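Examination of the molecular architecture
Each chain, letter by letter, is given below.
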Amino acid sequence: MKPPLTWAEQVALLARRGLVIDDEDLCAEFLAGHNYYRFSGYMRYFQKAPHEGDDDFIPDTTLAQIRGIYNADQALRASLTEQLAQAELLLRTHTAYVIAHNHGPCGSYLTEEFYTDAPGSEPTVDSCLKDIRRSRERHILRYAVGDTDPDLSKLPIWSAVEALSFGTLSKCIERGAQGQLADEVATSLGAAKSGFAYRVRALVYVRNRCAHHSRIWNHSIIDAGPTPNNVRNKAKRAVGQFKPRSVLDVIASLDDIVVRGKVGEPMMAALSERRKRDTDFWQGLSHPQNPQDHRQ
């Protein structure tokens, strides 16, 4: 196993590998506040062949250069977190509205029959119940009777939905009302029905990465939703080309949902205006890839 290194030893290691460091004390302070291992996810793109064990840096690579990308990624996560929060609240509202009006406000959404679950997966109703029973909000606790378990048969969906995690909400949209709820919520929002549940799942995936301060730059989205072609093409006309599994594709989908719900302004154009001149950073957003072999 690798031995642990002090902050100063970590700085010395980077210097031995060829990273240009103007101020070693400031570099140590940075590593003490941000974790060497987290920062290494960005450094790998400036090393010769880290996937083969060659961790030396490409000549003339500077700490400031990599920190610039790291800081830009941090700022993007903050912006995304705010926009995703608006989308999450919007989806909670429309999901509760559709269930209440189309399927009844109480009871049905807490039955197994309401959902079409994949074999071997946790029943969606169990996920809902866990989130609801975990809540300490008064609007949930009022349905408790003495010291017994809460009587949830009369808990209205517009109250219950506030206790659900974004991930559980996504499952409800995807599997609810025997697979029809996603279409109903999309219609309520005025969004395209095709692939809507998977678009929501992509938002949850990105939101979770942002919540855990995980790297967005040069990251291919695993749960990439099928962004509608008209939405994707409109975004590409505004900012240029990007890959279907890039974070920009999810941002295009997010902008579409937020604008249709009238809960925010699109962030794609502003992001492009601020960041497109930063070639390395923009390239990592639009065309994510694994670290390359930079050896001659």
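The following refers to the structure shown. Remember, predicted model here, so these are calculated numbers, not experimental data.

Per the secondary structure count, the protein includes 14 helices and two strands. Considered along the principal axes of its C-alpha atoms, the protein spans approximately 65 × 50 × 35 Å. Here the protein holds 296 residues, and 45% of them are scored as buried. The contacts of the protein with a sequence gap of at least 6 include a subset with a gap of at least 24, amounting to 66%. Of the charged side chains in the protein, 37 are positive and 37 negative; the average position of the first set lies 4 Å away from that of the second.

This brings us to the packing of helix H4 (residues 63-103) against helix H10 (residues 196-211). When two helices pack together, you describe them by how their axes are tilted relative to each other and by the distance separating the axes. Where H4 meets H10, the closest approach of the two axes is 10 Å, and the angle between their N-to-C directions is 140°. Between H4 and H10, the crossing angle belongs to the class labelled oblique. The two elements H4 and H10 meet at a crossing, and its hand is left-handed. Contacts between H4 and H10 involve Arg77, Leu80, Thr81, Leu84, Ala87, Glu88 and Leu91 on the former and, on the latter, Phe196, Val200, Leu203, Val206, Arg207, Arg209 and Cys210. The class makeup of the residues in the contact of H4 with H10 is nine nonpolar, one polar and four charged.

Now for the packing of helix H8 (residues 166-179) against H10. It is at 9 Å that the axes of H8 and H10 come closest, and there the two elements cross at 170°. Classified by the angle between their axes, H8 and H10 sit roughly antiparallel to one another. Between H8 and H10, the residues in contact are Phe166, Gly167, Ser170, Ile173 and Glu174 and Phe196, Ala197, Tyr198, Val200, Arg201, Leu203, Val204 and Arg207, respectively. Residue composition of the contact of H8 with H10, by class: eight nonpolar, two polar and three charged.

The biggest cluster of nonpolar side chains holds 89 residues, and the ones touching the most others in it are Leu80, Leu91, Phe196 and Leu285. Here this core gets 15 residues from one element, more than from any other, and that element is H4. Ignoring any residue separated from it by four or fewer positions in sequence, one finds Leu80 in contact with Val206, Cys210, Val247, Ile251, Leu254 and Met267.

Okay, the packing of aromatic side chains next. Evaluation of the coordinates by the stated rule reveals eight aromatic pairs. With a centroid separation of 4.9 Å and 65° between ring planes, the pair formed by Tyr45 and Trp217 is classed as edge-to-face. Here Tyr45 is found in the loop between helix H3 (36-43) and strand E1 (47-49), whereas its partner Trp217 is found in the loop between H10 and helix H11 (229-239), with 172 residues between them in sequence. Among the residues examined, Tyr45 registers a relative accessible area of 12% and is labelled buried. On the numbers, 5.0 Å between centres and 80° between planes, the contact of Phe114 with Tyr115 is edge-to-face. Here the two residues Phe114 and Tyr115 agree in accessibility, since each one is buried.

Thresholds applied
Residues numbered from 1 in each chain as written. Predicted model: local features only at pLDDT ≥ 70, side-chain atom pairs only at ≥ 80, totals over all residues. Heavy atoms only, no water. Helix = DSSP H or I, 4+ residues; strand = E, 2+ residues; numbered from the N terminus. Buried < 20%, exposed > 50% of the residue type's maximum accessible area, 1.4 Å probe, protein only. Contact = heavy atoms within 4.5 Å. Lys, Arg positive; Asp, Glu negative; His and termini not counted. Charge placed at Lys NZ, Arg CZ, Asp CG, Glu CD. Axes fitted to C-alpha atoms, helices over the stretch in contact; angles between N-to-C directions. Parallel < 35°, antiparallel > 145°, perpendicular 65-115°, else oblique. Left-handed = near helix turned anticlockwise from the far one by under 90°. Nonpolar A, V, L, I, M, F, W, Y, C, P; charged D, E, K, R; others polar. Core = buried A, V, L, I, M, F, W, Y, C linked by side-chain atoms within 4.5 Å. Phe/Tyr/Trp six-rings, centres within 6.5 Å; stacked < 30°, edge-to-face > 60°.

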